[in-house]
Amino acid sequence: MTSEKLPISAFIICQDEEDYLANCIRSLVQCKEIIIVDSGSTDKTFELIREFQAQGWPIRLLHQKWLGYTAQLQFAMDQCVEPWLLNIHSDERFDEDFRSILPELLKAPESVVAWRIPWRPYLVGLGYTPKYVCQKSFPRLVRRGKGAYDMTQPVHAGIVPAGKAKETPRGSILHFRPLPIEEQMLRENKYSTLKAQQVLDTGQKPRLMRLIFNPVGYFFRNYFYHRLIFCGFPGFIHAATSSVYSFLTEAKIYQRHAQARRPSVDDLDGEKW
């Protein structure tokens, strides 16, 4: 480990992440503090963390019963003490370009309260997408007290900066969870249920145009705008799974309303056969 530490508190939430967490921690070698909030691991996650602590890594391990995705992240964020806060997930790591530019990002003028970092997934059959294929960017590096999570978002919540956020000139977050398609579809189904409930809680009603065009828009945005077209079959599959997530979300919104309007009852009950 390098002896030079930057005034950054990195924070991670996890549960049963022994297969992914080590490389995540290693990418935080420049951080003065690493907060890990575990919600009840039963694998060897604790042993892994203790090994890093024994090697001198500045890890503070906390136990917190699951509060929900967004609330758990906010809890972890609230434990940080350094001037800059950096969020990373257990199955993510920062690439070398980001680590090299990190000291310069901390010198930003006071008007810049957060930095958005591009995100690059690992695709089965390809590896990490090229640097020019960054699907999206997130505000992950923020000044303490200048950002918080949107508690109305139960899934895919991000830090909401209280001021100007800029995108890093280079560097990215690498996401490593190469799931086979059948497992990925289970995740898309789970997250689409949470997203649909979030939308329903706002009182929004189903719309045919959203059901038809949102999945198509998801696919085209990822495949062409975010350049997954340059990633061959793996890129096409990844774009298609995002469109499935969108379709499931809109379909579930429709079905929840349909069930409330007309409960599913066998129309032949009571008929003579």
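Source: prediction; values computed, not measured.

Focus on a negative patch on the surface
A cluster of like negative charges, contributed by Asp-16, Glu-18, Asp-19, Glu-47 and Glu-51, occupies part of the molecular surface. The residue Glu-47 is located in helix α2 (residues 45–54) in this model. Its relative accessible area of 40% is what places Glu-47 among the partly exposed residues.

Here's the deal with the pattern of salt bridges
Applying the stated criterion across every chain, the model contains nine salt bridges. Across the pair Arg-177 and Asp-91 runs a salt bridge whose closest N-O atoms are separated by 2.6 Å. Linking Arg-177 in the loop between β12 (173–175) and α5 (181–201) with Asp-91 in the loop between β4 (84–87) and β5 (92–94), this pair joins segments that are 86 residues apart in sequence. Through salt bridges with shared partners, a single ionic network connects Glu-17, Asp-91 and Arg-177.

Some words on the pairing of strand β6 (residues 112–123)
Within β6, 10 of the 12 residues are buried, which leaves the element mostly enclosed by the surrounding structure. Sheet topology places β6 next to strand β11 (residues 164–167); four bridges connect them, and they run parallel. Note on β11: the bridge partner recorded for Trp-115 is Lys-166. Here six bridges tie β6 to strand β8 (residues 136–143), and the two strands are oriented antiparallel to one another. The partner of Arg-116 across the bridge, within β8, is Pro-139. In the sheet, β6 pairs with β12 via three bridges, with the strands oriented parallel. Paired with Arg-120 across the two strands is Leu-174, which belongs to β12.

Description of unusual backbone geometry
The phi angle at Asp-16 is positive, at roughly 55°, despite the residue not being glycine. Relative to the helices and strands, Asp-16 is located in the loop between β1 (6–14) and α1 (21–26). Judged by its relative accessible area of 31%, Asp-16 is partly exposed. Its identity is not glycine, yet Arg-227 carries a phi of approximately 70°, on the positive side. With respect to the secondary-structure elements, Arg-227 resides in the loop between α6 (208–225) and α7 (232–261).

What about helix α3 (residues 69–78)?
Within α3, the full set of buried residues consists of Thr-70, Gln-72, Leu-73, Gln-74, Ala-76 and Met-77. If you follow the buried residues of α3, they end up packed against β1, β2 (31–38), β4, β8, β9 (147–149) and β10 (159–161).

Some remarks on helix α4 (residues 96–105)
Of all the residues in α4, the buried ones are Phe-98, Ile-101, Leu-102 and Leu-105. What you see down the axis of α4 is that its buried residues fit within an arc of 140°, all on one side. Looking at the buried residues of α4, the elements they touch are β1, β4, β5, β6 and β8.

What counts and what doesn't
Residues numbered from 1 in each chain as written. Predicted model: local features only at pLDDT ≥ 70, side-chain atom pairs only at ≥ 80, totals over all residues. Heavy atoms only, no water. Patch = residues over 30% accessible without salt bridge, like charges linked within 9 Å, V, L, I, M, F, W, Y side chains within 5 Å. Areas by Shrake-Rupley, 256 points an atom, 1.4 Å probe, with all protein chains shown as cover. Salt bridge = Lys/Arg side-chain N within 4 Å of Asp/Glu carboxyl O. Lys, Arg positive; Asp, Glu negative; His and termini not counted. Charge placed at Lys NZ, Arg CZ, Asp CG, Glu CD. Helix = DSSP H or I, 4+ residues; strand = E, 2+ residues; numbered from the N terminus. Buried < 20%, exposed > 50% of the residue type's maximum accessible area, 1.4 Å probe, protein only. Pairing = 2+ DSSP bridges. Contact = heavy atoms within 4.5 Å. Arc of directions from axis to C-beta.

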